[in-house]
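So you can see what is in the structure, the chains are spelled out below.
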Amino acid sequence: MIRYECDRCGLRMSANDPRRFIVKMEVYAAAGPVDLDAYAEIDHRKELADVLKDLADADPDEVEDQTYRLLRFDVCNTCRRALLASPLSRPDEP
Ligand SMILES: [Zn+2]
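Bear in mind the structure is a predicted one, so any value in this text is a computation, not a measurement.

Within this structure, the stated rule accounts for five salt bridges. Of the charged contacts, one joins D57 and K53 as a salt bridge, the two residues approaching to 2.9 Å between their closest N and O atoms. Highlighted residues: D57 and K53, both in helix α1 (residues 44-57), separated by four residues, approximately one helical turn. Classification of D57 as exposed rests on a relative accessible area of 57%. The exposed category is assigned to K53, whose relative accessible area is 51%. Put simply, R20, R72 and D74 are held in one network by salt bridges that share partners.

Its volume calculated, the largest pocket comes out at about 230 Å³. Those elements that place two or more of their residues in the lining of the largest pocket are β3 (21-28) and β4 (68-75). Partitioning the lining of the largest pocket into residue classes produces seven nonpolar, no polar and three charged.

Right, let's get into a nonpolar patch on the surface. A cluster of nonpolar side chains, contributed by M25, V27, L71 and F73, occupies part of the molecular surface with about 280 Å² of accessible area. Of all the elements in the fold, those that place two or more residues in the nonpolar patch are β3 and β4. Position of L71 among the secondary structure elements: in strand β4.

Looking now at the coordination of the zinc ion. Protein-derived coordination of the zinc ion comes from C6 (SG), C9 (SG), C76 (SG) and C79 (SG), at a distance range of 2.3 Å. The site at the zinc ion holds four donor atoms, and with the angles between them running 104 to 118°, its shape is tetrahedral. Of note, the zinc ion draws all its donor residues from one chain, in the sequence arrangement C-x2-C-x66-C-x2-C. Accessibility expressed as a relative area gives 3% for C6, which makes it buried.

Conventions and cut-offs
- The residue count restarts for each chain, going from 1 along the sequence in the order it is written.
- Note on the predicted model: pLDDT of at least 70 is required for a residue's local features to be given, and 80 or more for side-chain atom pairs to be given and counted; whole-chain, interface and lining totals, by contrast, use all residues.
- Side-chain metrics rest on all non-hydrogen atoms present in the structure, leaving aside hydrogens and water.
- One speaks of a salt bridge when a side-chain nitrogen belonging to Lys or Arg is within 4 Å of a carboxyl oxygen belonging to Asp or Glu.
- Here a helix means four or more residues in a row that DSSP labels H or I, a strand means two or more in a row labelled E, and each is numbered from the N terminus.
- When a residue's accessible area, from a 1.4 Å probe over protein chains only, is under 20% of the maximum for its type it is buried; when over 50% it is exposed; and in between it is partly exposed.
- Using protein atoms alone on a 1 Å grid, points that fit a 1.4 Å probe yet trap it form a cavity, whereas open point sets bounded by protein on both sides within 12 Å along at least five of seven lines form a pocket; residues with an atom within 4 Å of a point count as lining.
- Grid points are joined across faces, edges and corners, and a volume is the space filled by probe spheres set on the points.
- Ten residues, namely Ala, Val, Leu, Ile, Met, Phe, Trp, Tyr, Cys and Pro, are considered nonpolar, four, namely Asp, Glu, Lys and Arg, are considered charged, and the remaining ones, Gly among them, are considered polar.
- Patch definition: residues above 30% relative accessible area lacking any salt bridge, with like charges linked at up to 9 Å and the nonpolar side chains Val, Leu, Ile, Met, Phe, Trp and Tyr linked at up to 5 Å.
- Note that accessible areas follow from Shrake-Rupley with a 1.4 Å probe, and for residues the cover is restricted to the protein chains shown.
- Only N, O and S atoms count as donors, using a 2.8 Å cut-off from the metal and 3.2 Å for Na, K and Ca, and because water is excluded some sites may appear unfinished.
- Four donors are marked tetrahedral only if all angles between them lie between 85 and 135 degrees, whereas four are marked square planar and six octahedral if opposite donors are more than 155 degrees apart and the other angles lie between 65 and 115; the remainder are marked irregular.

What follows is the structure in C-alpha coordinates.
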(Lines give C-alpha, C1' and ligand atoms only; values in the text may rest on other atoms or scores of the structure.)
Protein backbone atom coordinates (compact mmCIF):
# COMPACT_ATOMS: atom_id res chain seq x y z
CA MET A 1 0.00 0.00 0.00
CA ILE A 2 1.29 3.41 -0.95
CA ARG A 3 1.46 5.77 2.01
CA TYR A 4 1.57 9.51 1.75
CA GLU A 5 2.72 12.10 4.20
CA CYS A 6 1.55 15.71 4.31
CA ASP A 7 4.47 17.78 3.03
CA ARG A 8 3.54 20.59 5.41
CA CYS A 9 2.75 18.92 8.77
CA GLY A 10 3.82 15.28 8.33
CA LEU A 11 0.38 13.66 8.79
CA ARG A 12 0.39 10.13 7.34
CA MET A 13 -2.35 9.37 4.78
CA SER A 14 -3.31 6.54 2.44
CA ALA A 15 -3.58 6.91 -1.35
CA ASN A 16 -7.38 7.21 -1.22
CA ASP A 17 -7.51 9.14 2.03
CA PRO A 18 -10.27 11.80 1.77
CA ARG A 19 -8.02 14.14 3.78
CA ARG A 20 -5.32 14.03 1.05
CA PHE A 21 -5.02 16.90 -1.44
CA ILE A 22 -2.46 17.72 -4.14
CA VAL A 23 -0.96 21.20 -4.46
CA LYS A 24 0.87 22.19 -7.64
CA MET A 25 2.96 25.35 -7.79
CA GLU A 26 4.22 26.70 -11.10
CA VAL A 27 6.92 29.39 -11.01
CA TYR A 28 8.31 31.09 -14.10
CA ALA A 29 9.82 34.37 -15.19
CA ALA A 30 7.33 37.13 -15.97
CA ALA A 31 8.81 38.36 -19.21
CA GLY A 32 7.32 41.45 -20.82
CA PRO A 33 7.52 42.67 -24.42
CA VAL A 34 11.04 42.96 -25.85
CA ASP A 35 12.19 46.33 -27.24
CA LEU A 36 14.20 45.17 -30.29
CA ASP A 37 15.51 48.70 -30.97
CA ALA A 38 17.38 48.57 -27.66
CA TYR A 39 19.39 45.63 -29.03
CA ALA A 40 20.15 47.06 -32.51
CA GLU A 41 23.74 48.08 -31.67
CA ILE A 42 24.68 44.88 -29.83
CA ASP A 43 27.19 42.41 -31.27
CA HIS A 44 24.84 39.43 -31.41
CA ARG A 45 27.57 36.85 -32.00
CA LYS A 46 29.44 37.97 -28.89
CA GLU A 47 26.18 38.17 -26.90
CA LEU A 48 25.27 34.60 -27.91
CA ALA A 49 28.79 33.35 -27.13
CA ASP A 50 28.57 34.98 -23.68
CA VAL A 51 25.18 33.40 -22.99
CA LEU A 52 26.42 29.94 -24.06
CA LYS A 53 29.53 30.29 -21.90
CA ASP A 54 27.43 31.35 -18.90
CA LEU A 55 25.11 28.35 -19.43
CA ALA A 56 28.06 25.95 -19.72
CA ASP A 57 29.42 27.21 -16.40
CA ALA A 58 26.05 27.35 -14.62
CA ASP A 59 24.43 24.86 -12.25
CA PRO A 60 21.55 23.23 -14.26
CA ASP A 61 19.21 23.38 -11.24
CA GLU A 62 19.90 27.11 -10.83
CA VAL A 63 19.23 27.72 -14.53
CA GLU A 64 15.94 25.81 -14.27
CA ASP A 65 14.97 27.76 -11.13
CA GLN A 66 15.49 31.02 -13.04
CA THR A 67 13.29 29.97 -15.95
CA TYR A 68 10.61 27.42 -14.95
CA ARG A 69 9.81 25.18 -12.02
CA LEU A 70 6.76 22.98 -11.35
CA LEU A 71 6.42 21.74 -7.78
CA ARG A 72 3.93 19.16 -6.46
CA PHE A 73 3.01 18.58 -2.82
CA ASP A 74 0.68 16.25 -0.93
CA VAL A 75 -1.13 18.01 1.89
CA CYS A 76 -3.78 17.12 4.46
CA ASN A 77 -7.14 18.90 4.66
CA THR A 78 -6.00 21.12 7.55
CA CYS A 79 -2.95 22.29 5.60
CA ARG A 80 -5.05 22.72 2.43
CA ARG A 81 -7.27 25.17 4.29
CA ALA A 82 -4.25 27.03 5.69
CA LEU A 83 -2.60 27.27 2.25
CA LEU A 84 -5.77 28.56 0.60
CA ALA A 85 -6.29 31.12 3.38
CA SER A 86 -2.73 32.43 3.05
CA PRO A 87 -0.89 30.90 0.05
CA LEU A 88 2.13 33.20 0.25
CA SER A 89 2.53 33.36 4.01
CA ARG A 90 5.99 34.06 5.30
CA PRO A 91 7.88 31.32 7.14
CA ASP A 92 7.41 33.09 10.50
CA GLU A 93 3.62 33.33 10.02
CA PRO A 94 1.31 30.55 11.21
ZN1 LIG B 1 -0.84 18.77 6.93
